[in-house]
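Descriptive structure summary
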Amino acid sequence: MKKLAVIVPCYNEEAVITESYRRTKKVLEALPNPTEIIYINDGSRDKTREILNNIAASDPSVKILHFSRNFGHQPAVTAGINNCDADLAIIIDADMQDPPELIPEILALQEKENANVVYCVRKSREGESAFKLFTAKAFYRVMNYMSEVHFPLDTGDFRLVDRKVMDEFDRFKERGKYIRGLISWVGFHQVPFYYEREARIAGETKYPLSKMVKFASTAMLYFSKKPLRLATSLGFISVLVGIVLALWFTLGKIYGFSNAETGWTSIMTSVIFFGGVQLLTVGVLGQYVGILFDEIKARPEYIIDEKKNF
Ligand code: UDP
Ligand code: MG
């Protein structure tokens, strides 16, 4: 029988953690497989640490990784996979937006298809703002346009991965991990599982706009060189526009169809416009240089303060 681990990143989740554990445990107990839950406490400042420690004290199948500070959702999931020795693992949020009650169906699908990855696709999402729904939809579509790999649309980190995929994942050395992208990138046999995403049972989202933007730009920059190519295209277009305008004004002067002297507005507009284009392209370049800077330092992605029940 294959051993199943459930990997749960938690950041300030005191409002949901007890209920989340109860529901997950209930599902796991009904399975014939040996199971465990790995909680990653991503430097929570509330009571998450104490609550998790209490759970682990009474249930030896609950393992905990306490981070030394908040490193972020993706490093937390990474640590979960890196420290998992099970045959199968399911990555799930602490807030029960992805219902653990689906685990038996996901497992059955894995078995039936003999899949290495079962990725869960959101048919609908409850309790999210119109803004979040729109930006998320747009993000997955832009990502697919930008990236050299094809990603399944509307798919988060809620998925099942097998030992083979986890072993490959452990070999990734990059610091800026866009996990859902990397798992697609690995290949093997991946099958979709459709579900309705629910609202958070309590607490607030730990992904404010600033974190969403950072997440999206990591995904974009690590999976695509298209922004650089777009910058080059912009440069080409500017040069073309410049040549056409120069011809127009010169010929206009000679044949008298343009009066270029009255050009304060046109000069200001083009100075500002091309200044903007230059800053933008330098900015894009800077983003990639920034990534090189981070990657070359090769700092650890996360620091573990304490392990429980490992
Ligand atoms: N999370 C984390 N570290 C962070 C932010 C979030 O471990 O810095 C966890 C969080 O506790 C939750 C999961 O990642 O279990 C997803 O976060 P959240 O539900 O807030 O995101 P949303 O579903 O709103 O996009
Ligand atoms: Mg959530």
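Look above for the structure.
The text that follows walks through the structure, step by step, so that each part is easy to find.

Rules of the game
- Residues numbered from 1 in each chain as written.
- Chains lettered and ligands numbered in written order.
- Predicted model: local features only at pLDDT ≥ 70, side-chain atom pairs only at ≥ 80, totals over all residues.
- Heavy atoms only, no water.
- Salt bridge = Lys/Arg side-chain N within 4 Å of Asp/Glu carboxyl O.
- Helix = DSSP H or I, 4+ residues; strand = E, 2+ residues; numbered from the N terminus.
- Donors = N, O, S within 2.8 Å, 3.2 Å for Na, K, Ca; no water.
- Buried < 20%, exposed > 50% of the residue type's maximum accessible area, 1.4 Å probe, protein only.
- Expected span 1.5 Å × (residues − 1).
- Contact = heavy atoms within 4.5 Å.
- Phe/Tyr/Trp six-rings, centres within 6.5 Å; stacked < 30°, edge-to-face > 60°.
- Lys NZ or Arg CZ within 6 Å of the ring centre and 35° of its normal.

1. Structural notes on the pattern of salt bridges
The final tally for this structure, using the stated rule, is 24 salt bridges. Of the charged contacts, one joins Asp-95 and Arg-200 as a salt bridge, the two residues approaching to 3.3 Å between their closest N and O atoms. Residue Asp-95 is found in the loop between strand S4 (88-91) and helix H4 (103-113), and its partner Arg-200 is found in the loop between strand S7 (190-197) and helix H8 (209-223); the two are separated by 105 residues along the sequence. Each of Lys-3, Glu-36, Lys-63 and Asp-85 takes part in salt bridges that share partners, so that together they form one network.

2. Thoughts on the coordination of the magnesium ion (ligand 2)
The protein atoms that coordinate the magnesium ion (ligand 2) are Asp-95 (OD) and Gln-97 (OE1), at distances of 1.9 to 2.0 Å. Accessibility expressed as a relative area gives 7% for Gln-97, which makes it buried.

3. Quick word on helix H1 (residues 17-29)
Counted at 1.5 Å a residue, the expected span for H1 with its 13 residues is 18 Å, and the 18 Å between its end C-alpha atoms agrees. Among the residues of H1, those classed as buried are Ile-17, Ser-20, Tyr-21, Arg-23, Thr-24, Lys-25, Val-27 and Leu-28. Elements in contact with the buried residues of H1: strand S1 (4-10), strand S2 (35-41), helix H2 (48-58), strand S3 (62-67) and H4.

4. Observations concerning the packing of aromatic side chains
Considering all chains together, one arrives at 14 aromatic pairs under this definition. Taken together, Phe-139, Tyr-140, Phe-151, Tyr-178, Tyr-207, Phe-215 and Phe-223 form an aromatic cluster joined through their ring pairs. One cation-aromatic arrangement involves Arg-69 over Phe-71; the distance from NZ or CZ to the ring centre is 3.9 Å. Above the face of the Phe-310 ring, Lys-307 is positioned so that its terminal group lies 5.4 Å from the ring centre.

The analysis is restricted to geometry; functional conclusions fall outside its scope.
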